[in-house]
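So the chains spell out like this:
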There are 2 protein chains.
Amino acid sequence: MNEVIEPSAIRQAEVITVGTELLLGQTVNTNAAQLGLFLSELGISVYRMSVVGDNKGRLSEAISQAMSRVDLVILCGGLGPTDDDITMQVAATVAGHRLVRNDAVWETIQSHFTARGFSVPEKNVKQAMLPAGQTVLENKNGTAPGAIIEGKSAGRTVYLVLLPGPPDELTPMFENAVRPWLEARTEDRFEHRYIRLAGIGESAAEAAIADLIEKQSAVTIAPYASVGQVYLRVSQRKPRQDTDDTDLRSVVAQIRARLGEYIYEIGPRDLPEVVHDLLKQKNMTIALAESITGGQLSAELTRFPGSSAVFMGGVVCYSNASKIRDVGVDAAVLSEHGAVSAIAAKQLAEGVKARFDVSVGLSVTGLAGPGKGQESAEIGTCYIGLAIDGQDTAVHCYKSWGSREKLTRRVVIHALMHLWEALR
Amino acid sequence: MNEVIEPSAIRQAEVITVGTELLLGQTVNTNAAQLGLFLSELGISVYRMSVVGDNKGRLSEAISQAMSRVDLVILCGGLGPTDDDITMQVAATVAGHRLVRNDAVWETIQSHFTARGFSVPEKNVKQAMLPAGQTVLENKNGTAPGAIIEGKSAGRTVYLVLLPGPPDELTPMFENAVRPWLEARTEDRFEHRYIRLAGIGESAAEAAIADLIEKQSAVTIAPYASVGQVYLRVSQRKPRQDTDDTDLRSVVAQIRARLGEYIYEIGPRDLPEVVHDLLKQKNMTIALAESITGGQLSAELTRFPGSSAVFMGGVVCYSNASKIRDVGVDAAVLSEHGAVSAIAAKQLAEGVKARFDVSVGLSVTGLAGPGKGQESAEIGTCYIGLAIDGQDTAVHCYKSWGSREKLTRRVVIHALMHLWEALR
């Protein structure tokens, strides 16, 4: 790259996401949040985030302005093959580099198509046009390579990092190439612990540790929530080489002493992954009888490599006929108590467990609404049945709420929480 | 231009959302997307969106810069009672107004607390400190009022609109107060048509209409892509009263003439919703036998109110035993051809159709990877079976790719596309 051997330290960054669809509100900017999280973990302060459309003049202006303020500008999106994908060209021009065809990249792109028996669209040669002499970032999940481009602003070196817009291309490219590159150019880092809780609300969780939040200094505690779940982020900024995590561990221990019964993970895994891993670790197998969640629970438990050793199958028994025929519920139970009843949930859990010959049968039955059909149950009311080897069958009643999407999502999380509690 | 229109006409806007939690990636910026959508409906072009933290200097700089570029700056967040809520004070200062206590607002805030039997926190008087002589926006869902503040930039009038951060306060305030205020100050609106395609890549779709994109003037065409799908946004800015959509319809008709076979929707619905509605409209019912997609297809078809009239159920037959027992595949077929075979897909589709007594049986079987199990099929290869009343059973082979998540998502979209093609 340069004659300078010591890489200049990177302390501040801005994030620019590119795409008219973001300005029009058609797409929610999850990439900016993801990049904010990554940079914060690296101890890099983000001063500003911007969104600009697919417009050369305005993108160029936004890049120059950001370069005048910070050491690092992360650009995301606009690396596709079409005419309105302009990020590579504009960033190269602002940084004073011309684009040349990178033959290795062009061959990779071509083989991406030919391997699938497609002809190579002419347009895609554009994605091989890269700034001369700059770092190319390989894209293992798509055709658009990224780049790290060196530029100057008022004599200072500023780096532009260009990443593709699709989240599952952006994240691996950041993790594989950008994170190590940044780690070599930063002095501090943030060390985080993510404490994940289920079965308790955000306010109640926060109230239980209010005094710890109040007196935080070197170690900070930030609560946040998603549908049905609460997270606590415990963070400390420290020199990269400093491996002493005594302070962090002490705060985590205090939180665990207060909220231990709700904590299903201190780490990166979400609830479905924790449950999946717990089943695997205990050599247990599971089958599901889903009604209200319509396949979402099965989909959550089959997200993981190797899940076919744990998940033996499921029945999305959306009709009474299916509940009777495919899971073995008594017709009389359905006509007497309705499909949304504790006894139906019990028979569903036990029925699916016996039928699939597994260690765990899990059932969910309820009304998602907004219509009620012929059921007398309230919308949002559901029953979760759990039939587990060596345990009595348990049925939990839960009242969910919100839009159809959020309501069913809450049921998914709640069912997994009960399963986790029964297995832990 | 300038001499013809009224001085108060608003054409361009920027959106600034305020909050360190956004920069740290703890919160996804859904407010910016919501505001983008609102402004686009009003025919106001959004040039840029920014996020800044709770820092006076940087917020002040961002506001001044935005004022230099556009007629309207919407600010969102930072109106709370705590010390790091600085938006009202900073915006008033930049626009040259001082804050005075608004007694009517202060009384409303006080009664908000006293009505609930709480004492009034001293801090909250801050939320009654508003720019003298400017428009106050009542908050019916919280304590923070909004404001419309008039300022100047290089002699031009620029309006600052301040809205609270919680989405359930922001949206009603926008709808009740800001939208009518803006409608009185805008002459144009944007009219959009969303054309949705499946079964064709973004490059190929764009190539087919390259000349239309090239010669676009009043009507613009913007392509974008998500996993397995391509969208074209066709847009025209026009006077609010103008209901003539001849130009827009002409461009849509030309696109339809080129790409009609791939277009499943001109409108807001995604592919699962189009397929769901098509089944409903034809009084057809469906059942699924899913292997590789692990419940995702069922989850997609049960997202909609009333789906229980269309979707009769599904089997997530993740094991061979389940394929045989629950769907009726021949054991000999599985041992001879494997579970990932055309004949298995055919038997799964026909079996699930017969078992659930529905008009459509849809099956998907394949390997999601990354491990291969005992199957000899390639990772990503899958077979999609379609057994439909009055049609011969069809089996489609598809080679998907990417991460486990994207690979299975592509199969979901591909299966729905074949179903749509068979039903249209």
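Residues numbered from 1 in each chain as written. Chains lettered and ligands numbered in written order. Predicted model: local features only at pLDDT ≥ 70, side-chain atom pairs only at ≥ 80, totals over all residues. Heavy atoms only, no water.

Help me understand the packing of aromatic side chains in this model?
Pairs of aromatic rings are described using the distance from one ring centre to the other and the angle between the two planes. Tallied over the full model, the rule gives 8 aromatic pairs over all chains. Here the aromatic rings of Y159(A) and W181(A) are separated by 4.8 Å at their centres, their planes lie at 80°, and the arrangement is edge-to-face. Here Y159(A) is found in strand β8 (residues 156-163), whereas its partner W181(A) is found in helix α6 (residues 167-183), with 22 residues between them in sequence. Exposure class is identical for Y159(A) and W181(A). Each is buried. Ring geometry for Y264(B) and W420(B): centres 6.2 Å apart, planes at 75°, overall edge-to-face. Taken together, the positions of Y264(B) in strand β12 (residues 263-266) and W420(B) in helix α15 (residues 404-423) put the pair 156 residues apart, joining distant regions of the chain. Like Y264(B), the residue W420(B) is buried in the burial classification. (Phe/Tyr/Trp six-rings, centres within 6.5 Å; stacked < 30°, edge-to-face > 60°. Helix = DSSP H or I, 4+ residues; strand = E, 2+ residues; numbered from the N terminus. Buried < 20%, exposed > 50% of the residue type's maximum accessible area, 1.4 Å probe, protein only.)

Sorry if this is basic, but what is going on with the sheet that holds strand β6 (residues 135-137) of chain A here?
Note: strands within a sheet are paired through backbone hydrogen bonds, in either parallel or antiparallel orientation. Within the open sheet, the 12 strands sit side by side as β6(A)-β7(A)-β8(A)-β3(A)-β1(A)-β2(A)-β2(B)-β1(B)-β3(B)-β8(B)-β7(B)-β6(B). Their pairing is mixed. The sheet terminates laterally at β6 of chain A together with β6 (135-137) of chain B, the two strands that pair on one side only. The mean inter-strand angle of the sheet, taken between neighbouring strand axes irrespective of direction, is 20°. By the bridge criterion, 7 bridges tie strand β7 (residues 146-153) of chain B to strand β8 (residues 156-163) of chain B in an arrangement that is antiparallel. (Pairing = 2+ DSSP bridges. Axes fitted to C-alpha atoms, helices over the stretch in contact; angles between N-to-C directions.)

Sorry if this is basic, but what is going on with the interface of chain B and chain A here?
Size of an interface, as often reported, equals the accessible area lost when the parts are brought together. On the side of chain A, 72 residues touch chain B, which itself brings 65 residues to the contact. For the pairing of chain B and chain A, the buried interface totals around 5,400 Å² over both sides, and the portion due to carbon and sulfur atoms is 52%. Viewed at the interface, chain A and chain B are joined by 8 salt bridges. Close ionic contact of E61(B) with R48(A) constitutes a salt bridge, the shortest N to O distance being 3.8 Å. Put simply, chain B and chain A have 34 residue pairs in polar contact (both at pLDDT 80 or more) between them. Considering each element in turn, the side of chain B that touches chain A owes the most residues, 7 residues, to strand β2 (residues 45-52) of chain B. Residues that form the side of chain B that touches chain A fall into these classes: 27 nonpolar, 25 polar and 13 charged. Here strand β14 (residues 311-316) of chain A runs beside strand β14 (residues 311-316) of chain B; their pairing, made up of 3 bridges, is antiparallel. (Contact = heavy atoms within 4.5 Å. Buried area = accessible area lost by both parts, 1.4 Å probe. Salt bridge = Lys/Arg side-chain N within 4 Å of Asp/Glu carboxyl O. Polar contact = N/O pair within 3.5 Å; in protein donor to acceptor, adjacent residues only side chain to side chain. Nonpolar A, V, L, I, M, F, W, Y, C, P; charged D, E, K, R; others polar.)

Which parts of the structure should I look at to understand the confidence of the model for chain A?
Caution is warranted with low-pLDDT regions, since their predicted coordinates should not be read in detail. Residue and element names in this part refer to chain A. Residues with a pLDDT of 70 or more make up 97% of chain A, whose mean pLDDT is 91. This model gives residues 1-6 a pLDDT under 50, and the stretch forms 4 contacts once residues within four places in sequence are excluded. The complex model carries a pTM of 0.78, and its ipTM stands at 0.77. (pLDDT = per-residue confidence, 0-100.)

Looking at this model, I keep getting lost on the sheet that holds strand β9 (residues 188-198) of chain B. Mind explaining?
Residues and elements named next belong to chain B. Read from one edge to the other, the open sheet built from 4 strands follows the order β10-β11-β9-β12, with strand pairing classed as antiparallel. Bordering the open sheet on either side are β10 (219-226) and β12, each of which pairs with just one other strand. Sheet twist, expressed as the mean angle between neighbouring strand axes with direction ignored, is 20°. With 11 bridges joining them, β9 and strand β11 (residues 229-239) adopt antiparallel strand pairing. Along β11, the bridge assignment pairs E191 with Q236.

What exactly am I supposed to notice about the pattern of salt bridges here?
Residues and elements named next belong to chain A. Summed over the entire model, instances satisfying the criterion amount to 49 salt bridges over all chains. A salt bridge links K238 to E191; the shortest N-O distance between them is 3.1 Å. On the criterion of sequence distance, the pair formed by K238 in strand β11 (residues 229-239) and E191 in strand β9 (residues 188-198) is long-range, its members being 47 residues apart. Its salt-bridge partner being R269, residue E265 comes within 2.9 Å of it at the nearest N-O pair. For E265, a relative accessible area of 8% puts it in the buried group. Residue classification places R269 among the partly exposed residues on the basis of a relative accessible area of 25%.

I would appreciate a short explanation of the environment of A339(A) in the present structure.
Looking at the secondary structure, you find A339(A) in the loop between α13 (331-337) and α14 (342-356). With 10 residues separating them in the primary sequence, A339(A) and V329(A) have C-alpha atoms 9.5 Å apart.

Is there a simple way to explain the environment of T27(A) in this structure?
Relative to the helices and strands, T27(A) is located in the loop between α1 (20-23) and α2 (30-41). For the pair T27(A) and C76(A), spaced 49 residues apart in sequence, the C-alpha to C-alpha distance is 14 Å. Residues within four places of T27(A) in sequence aside, it is in contact with E21(A), L22(A) and A33(B).

Just to check I follow, could you spell out unusual backbone geometry for this structure?
Negative phi characterises most residues that are not glycine, and trans characterises most peptide bonds. Residue and element names in this part refer to chain B. With a phi angle near 55°, N283 is a residue other than glycine that sits in the positive phi range. The residue N283 is located in the loop between α10 (271-281) and β13 (286-290) in this model. What makes N283 exposed here is its relative accessible area of 69%. Even without glycine at this site, D357 takes up a positive phi of about 55°. For D357, a relative accessible area of 67% gives the class exposed.

Sorry if this is basic, but what is going on with the domain arrangement of chain A here?
Residues and elements named next belong to chain A. Domain annotation for chain A reports domain 1 (12-183), domain 2 (188-266) and domain 3 (271-423). Computed over C-alpha atoms, the centres of domain 2 and domain 3 are 31 Å apart. The partner domain 3 presents 8 residues to the 10 residues of domain 2 that form the contact. In this assembly, domain 2 packs against domain 3 so that about 780 Å² is buried in total across both faces, 75% of it on carbon and sulfur atoms. Across the domain 2-domain 3 interface, the total number found is 0 salt bridges. Between the two partners, domain 2 and domain 3, sit 0 residue pairs in polar contact (both at pLDDT 80 or more). Residues of the side of domain 2 that touches domain 3, tallied by class, amount to 5 nonpolar, 3 polar and 2 charged. (Domains from an automatic or database assignment.)

Just to check I follow, could you spell out the side chain of E202(B) for this structure?
For E202(B), the location among the structural elements is in helix α7 (residues 202-208). Buried and unpaired, E202(B) has K126(A) as its nearest opposite-charge partner, separated by 9.4 Å. Once you skip the residues sitting within four places of it in the chain, E202(B) turns out to touch P81(A), T82(A), P223(B), Y224(B), A225(B) and V230(B). (Lys, Arg positive; Asp, Glu negative; His and termini not counted.)

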